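Single-letter residue listing:
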Number of protein chains: 2
Amino acid sequence: MVIDDRFYLSLAINEAWKYQGLTYPNPAVGCVITDKNGAILVVAAHKRRGLPHAELEATYEALSKLNPLLEFPQDPNELHAFISKHHNNLLKNSTFYVTLEPCAHQGLTPPCATLIATLGAKRVVIGSSDKTQKAKGGADILRSAGIAVEEGVLKQECDELLKPFLLWQSGSFSFFKLALRLDGTYDNGTITSHESRVFVHKLRSVCDLIVIGGKTLRTDNPLLDARLVGGKAPDALICTAKDVDKNANVFSVKDREMIVQNSLDFPKKYKNIMIEGGSSFLRAMSDKADRFLIFHSADFSERGRERIEIDLRLKLLYQGSIGADSFGWYYKERFII
Amino acid sequence: MVIDDRFYLSLAINEAWKYQGLTYPNPAVGCVITDKNGAILVVAAHKRRGLPHAELEATYEALSKLNPLLEFPQDPNELHAFISKHHNNLLKNSTFYVTLEPCAHQGLTPPCATLIATLGAKRVVIGSSDKTQKAKGGADILRSAGIAVEEGVLKQECDELLKPFLLWQSGSFSFFKLALRLDGTYDNGTITSHESRVFVHKLRSVCDLIVIGGKTLRTDNPLLDARLVGGKAPDALICTAKDVDKNANVFSVKDREMIVQNSLDFPKKYKNIMIEGGSSFLRAMSDKADRFLIFHSADFSERGRERIEIDLRLKLLYQGSIGADSFGWYYKERFII
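Predicted, not measured: the structure shown is a model, and the values here were computed from it. (Residues numbered from 1 in each chain as written. Chains lettered and ligands numbered in written order. Predicted model: local features only at pLDDT ≥ 70, side-chain atom pairs only at ≥ 80, totals over all residues. Heavy atoms only, no water.)

1. Some thoughts on the packing of aromatic side chains
All names here are of chain A.
Working step 1: This model, assessed by the stated rule, comprises 32 aromatic pairs over all chains.
Working step 2: Plain terms: the ring middles of phenylalanine 165 and tryptophan 168 are 5.7 Å apart, the flat faces sit at 25 degrees to each other, and that makes the pair stacked. With phenylalanine 165 and tryptophan 168 both in helix α6 (residues 155–169), this residue pair falls three residues apart, about one helical turn.
Working step 3: Exposure remark for phenylalanine 165: the relative accessible area of 11% places this residue in the buried category.
Working step 4: Classification of tryptophan 168 by relative accessible area gives buried; the value is 15%.
Working step 5: Geometry around phenylalanine 266 places lysine 288 over its ring, the cationic atom sitting 4.9 Å from the centre. (Phe/Tyr/Trp six-rings, centres within 6.5 Å; stacked < 30°, edge-to-face > 60°. Helix = DSSP H or I, 4+ residues; strand = E, 2+ residues; numbered from the N terminus. Buried < 20%, exposed > 50% of the residue type's maximum accessible area, 1.4 Å probe, protein only. Lys NZ or Arg CZ within 6 Å of the ring centre and 35° of its normal.)

2. With respect to the interface of chain A and chain B
By a widely used convention, the size of an interface equals the accessible area lost when the partners come together.
Working step 1: With 48 residues of chain A in contact, the opposing surface of chain B contributes 48 residues.
Working step 2: Contact between chain A and chain B buries roughly 3,700 Å² in total, counting both sides, with carbon and sulfur atoms accounting for 53%.
Working step 3: Ranking the residues of chain A by area buried against chain B places Met1(A), Phe300(A) and Glu302(A) at the top, with a combined share of 18%.
Working step 4: Along the contact surface separating chain A from chain B lie four salt bridges.
Working step 5: Of the charged contacts in the structure, one is a salt bridge between Glu302(A) and Arg283(B), with a shortest N-O distance of 2.8 Å.
Working step 6: Our count for the chain A to chain B interface comes out at 19 residue pairs in polar contact (both at pLDDT 80 or more).
Working step 7: Per element, the largest residue contribution to the side of chain A that touches chain B is seven residues, and it comes from strand β15 (residues 312–322) of chain A. (Contact = heavy atoms within 4.5 Å. Buried area = accessible area lost by both parts, 1.4 Å probe. Salt bridge = Lys/Arg side-chain N within 4 Å of Asp/Glu carboxyl O. Polar contact = N/O pair within 3.5 Å; in protein donor to acceptor, adjacent residues only side chain to side chain.)

3. With respect to the side chain of Asp5(B)
Working step 1: Considering the arrangement of structural elements, one finds Asp5(B) in helix α1 (residues 5–17).
Working step 2: Residues in contact with Asp5(B), not counting those within four places in the same chain, are Tyr97(B), Arg123(B), Val125(B), Glu150(B) and Val153(B).

4. Let's talk about the packing of helix α3 (residues 76–86) of chain A against helix α4 (residues 112–119) of chain A
All names here are of chain A.
Working step 1: Contact geometry for α3 and α4: axes closest at 9 Å, N-to-C directions at 20 degrees. On the basis of their axis angle, the class for α3 and α4 is roughly parallel. Here α3 runs over α4; the crossing is left-handed. In this structure, α3 uses His80, Ile83 and Ser84 to contact α4, whose residues at the interface are Thr114, Leu115, Thr118 and Leu119.
Working step 2: Tallied by class, residues from the contact of α3 with α4 come to three nonpolar, four polar and no charged. (Axes fitted to C-alpha atoms, helices over the stretch in contact; angles between N-to-C directions. Parallel < 35°, antiparallel > 145°, perpendicular 65-115°, else oblique. Left-handed = near helix turned anticlockwise from the far one by under 90°. Nonpolar A, V, L, I, M, F, W, Y, C, P; charged D, E, K, R; others polar.)

5. Section: the sheet that holds strand β2 (residues 40–45) of chain B
Residues and elements named next belong to chain B.
Working step 1: On the basis of which strands lie adjacent, the open sheet formed by five strands has the order β2-β1-β3-β4-β5 and mixed pairing. Across the chains shown, the open sheet's two edge strands, defined by having one partner strand only, are β2 and β5 (148–150). Direction aside, the axes of adjacent strands within the sheet are offset by 15 degrees on average. (Pairing = 2+ DSSP bridges.)

6. Topic: α1(B)
Residues and elements named next belong to chain B.
Working step 1: In a regular helix each residue adds 1.5 Å, so 13 residues correspond to 18 Å; α1 covers 18 Å between its end C-alpha atoms and thus fits that length.
Working step 2: Burial runs high along α1: 10 of the 13 residues are buried.
Working step 3: Looking only at α1, the buried set comprises Asp5, Phe7, Tyr8, Leu9, Leu11, Ala12, Ile13, Glu15, Ala16 and Trp17. (Expected span 1.5 Å × (residues − 1).)

7. Here we look at the domain arrangement of chain A
Residue and element names in this part refer to chain A.
Working step 1: Looking at the assigned domains, one finds that chain A contains domain 1 (5–168) and domain 2 (172–334).
Working step 2: The straight-line distance from the C-alpha centre of domain 1 to that of domain 2 is 32 Å.
Working step 3: Opposite the 12 residues of domain 1 that make contact, domain 2 presents 14 residues.
Working step 4: Roughly 1,400 Å² is buried in total at the junction of domain 1 and domain 2, and carbon and sulfur atoms are behind 66% of that figure.
Working step 5: Where domain 1 touches domain 2, the interface holds one salt bridge.
Working step 6: Residues arginine 291 and glutamate 160 are paired through a salt bridge, measuring 3.8 Å at the closest nitrogen-oxygen approach.
Working step 7: For the pair domain 1 and domain 2, the number of links is two residue pairs in polar contact (both at pLDDT 80 or more).
Working step 8: A per-element tally of the side of domain 1 that touches domain 2 places α6 first, with five residues.
Working step 9: Its residues assigned to classes, the side of domain 1 that touches domain 2 comprises six nonpolar, three polar and three charged. (Domains from an automatic or database assignment.)

8. Structural notes on the environment of Gly50(A)
Residues and elements named next belong to chain A.
Working step 1: Locating glycine 50 in the fold gives a position in the loop between β2 (40–45) and α2 (54–66).
Working step 2: With relative accessibility at 39%, the residue glycine 50 sits in the partly exposed group.
Working step 3: Distance in space between the C-alpha atoms of glycine 50 and asparagine 26 is 9.5 Å, their sequence separation being 24 residues.
Working step 4: With sequence-adjacent residues up to four places away left out, glycine 50 is seen in contact with Pro76 and Leu108.

9. Brief notes about α3(A)
Because each turn of an α-helix spans 3.6 residues, side chains separated by three or four positions end up pointing in the same direction.
Residues and elements named next belong to chain A.
Working step 1: Looking only at α3, the buried set comprises Pro76, Leu79, His80, Phe82 and Ile83.
Working step 2: Where the residues of α3 are buried, they touch α2 and α4.
Working step 3: A side-chain oxygen of the first residue of α3 lies 3.0 Å from the backbone nitrogen of asparagine 77; this N-cap is aspartate 75.
Working step 4: Backbone geometry just after α3 places asparagine 88 at a positive phi near 60 degrees.

10. Details of the nonpolar core
Burial of nonpolar side chains together is a common tendency in soluble globular proteins.
Working step 1: By size, the foremost hydrophobic cluster in this structure holds 144 residues, and its most contacted members are Ile33(A), Ile40(A), Ile33(B) and Ile40(B).
Working step 2: Among all residues touching Ile33(B), those that are not within four sequence positions of it are Ala39(B), Ile40(B), Leu41(B), Val42(B), Ala58(B), Thr59(B), Ala62(B), Leu91(B), Ser94(B), Thr95(B) and Phe96(B). (Core = buried A, V, L, I, M, F, W, Y, C linked by side-chain atoms within 4.5 Å.)

11. What to know about the pairing of β15(A)
Working step 1: β15(A) sits mainly inside the fold: eight of its 11 residues count as buried.
Working step 2: Bridge analysis of β15(A) against strand β13 (residues 299–300) of chain B gives two bridges, and the strand direction is antiparallel. The partner of Leu312(A) across the bridge, within β13(B), is Phe300(B).
Working step 3: Sheet topology places β15(A) next to strand β16 (residues 325–332) of chain A; eight bridges connect them, and they run antiparallel. Across the sheet, Ser321(A) pairs through a bridge with Ser326(A), a residue of β16(A).
Working step 4: Hairpin connection of β15(A) to β16(A): two residues between the antiparallel strands, including Gly323(A) at a positive phi of 55 degrees.

12. Some details on the confidence of the model for chain A
Working step 1: Looking at chain A as a whole, the pLDDT averages 94, with 99% of positions reaching at least 70.
Working step 2: Scored as a whole, the predicted complex attains pTM 0.95, and scored at its interfaces, ipTM 0.94. (pLDDT = per-residue confidence, 0-100.)

In structure tokens, the structure reads:
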């Protein structure tokens with residue numbers, strides 16, 4: 001395997017995909033830092049809103065390693081300021097590999113580009129360029145500081161990583177979560193491992209709307225909350241032509257708006273939308289979901305089986321494992337060549 | 001993510017899994033080399049018999065990078081001798097991360113342990129220790145040369161990587177290859193992408209026996225050869241209680257022994273056995289196969305579907321992607337805790 005810019009950026013991309021769906025309203029971004037001699041100091045990613053951006057997180061982790069005596073503040077703003085003062089040139093002539101151009105704007109945290117310039121990095125390798133009016137311009141800040149900047153490395157892969165955020169930004173992002181066995185079966189019971197379910201609850205805690213069909217409501221009677229991570233339950237939309245039982249569990253969750261409608265259109269106010277269901281709801285939603293997140297538990301089962309009945313051709317974007325399960329992010333190929 | 005010995009060894013483990021099943025009669029082994037400053041020079045693996053062991057391959061790739069003018073011989077023996085003379089201390093004080101203790105014996109190629117000692121490596125980090133009478137003792141050679149040796153890092157993961165080889169060595173290794181869609185369906189036609197099929201043909205070219213059931217013979221009428229890689233077709237065993245049509249394609253392949261028997265026992269002379277089939281043959285073989293290699297194409301289909309009908313609980317060992325597909329190596333959990 002060739003060890004080049006793409007190798008390091010691949011590490012950043014893979015790390016970022018682990019947090020895809022969890023970072024709203026920020027994009028999933030990964031960052032690798034190598035020291036002046038080219039040794040990897042850290043592989044990091046932005047984990048969720050309110051936590052450091054990938055570059056700040058990576059810088060923090062790298063400095064923690066290089067100087068274990070430094071006592072870092074937790075708040076990202078204070079962390080940014082602290083590092084700007086106390087980096088002690090430990091990251092001088094380092095190289096940053098980031099999946100997205102470092103931001104140039106003051107959001108919840110100060111710009112990452114100025115941080116990297118302050119640290120005295122030698123080179124920054126960037127996957128996707130930032131086209132957003134708000135945050136673009138990071139590469140220019142870096143170049144002005146005399147840092148070598150390479151843009152567009154593994155551009156396609158980095159753009160795929162960024163796409164859910166861009167969709168969210170331009171209106172809404174929706175994804176269909178499906179949990180199956182290796183044989184494609186599923187049923188009312190729990191299929192995947194605890195780690196996968198915790199991940200799903202994290203996703204729910206970040207979404208503003210969760211969508212299910214009437215069949216799931218009647219068959220599973222789910223809570224659709226984020227109790228496994230102590231998170232806020234998203235509002236819930238039940239798409240059904242039939243009456244629903246208002247005593248169903250999903251109505252019992254506090255601080256949640258419930259919507260029941262005989263339509264598959266998402267109310268306009270929601271931007272980050274998670275769809276859950278089985279075969280019939282996948283059929284209904286396969287043209288509406290922007291992405292598909294499919295878990296496979298490592299087993300086959302003959303009991304109590306439901307099966308997916310649909311013709312659907314997807315494209316694999318990222319493949320990983322979590323707990324005892326595998327999972328993949330997919331999108332629907334609109335044209336089959 | 002913490003960057004430590006386990007990080008580098010994980011890179012070696014993942015690289016080695018890509019060649020699992022292709023390396024017989026050698027084990028799948030991965031190797032990462034970092035230079036005296038800790039920068040990664042190479043992530044390499046043993047690819048197949050007759051090609052360099054992981055350590056020699058990694059050394060060759062690292063030196064090619066450090067001195068592009070060196071003209072290396074292709075033959076592994078000559079390569080070993082050439083590197084011993086012309087390494088020019090370029091790998092002095094490097095660190096080797098290997099999933100298996102470097103061999104101490106002269107096989108098709110000279111011992112890897114003496115090569116690493118000659119190069120003047122500073123440290124060698126080892127996953128699994130070599131217990132085989134033939135090749136053990138590499139760590140001692142390294143220690144005698146004044147090299148720091150760490151053994152047992154990520155031991156469990158490295159042992160899992162090595163296990164197919166150990167099974168092969170102690171008698172035979174068999175694995176069941178299954179290709180499914182995301183919904184668990186399959187049929188007579190081609191399901192997976194070209195890259196996956198090439199990989200399967202490579203596996204066949206290394207196996208000494210391919211095993212199918214009578215149903216596959218009658219329904220698919222496969223060649224079961226290794227034509228996509230120009231490899232030798234393995235001998236073929238048809239397990240069936242019925243008469244078979246001797247005009248079937250599988251009988252037309254040259255230089256192949258054909259066995260037809262009303263029994264599921266593999267003839268003793270075969271050591272590396274690949275089993276292919278669908279639902280009924282998986283049911284028949286689920287207790288006999290040492291490992292399961294399961295491909296999933298990225299689609300769902302309602303047409304011409306066959307389905308797997310079995311209760312089978314597996315454990316995921318490695319998850320990867322190839323072409324448009326995902327694939328995983330699994331084994332059967334004998335006891336559910």
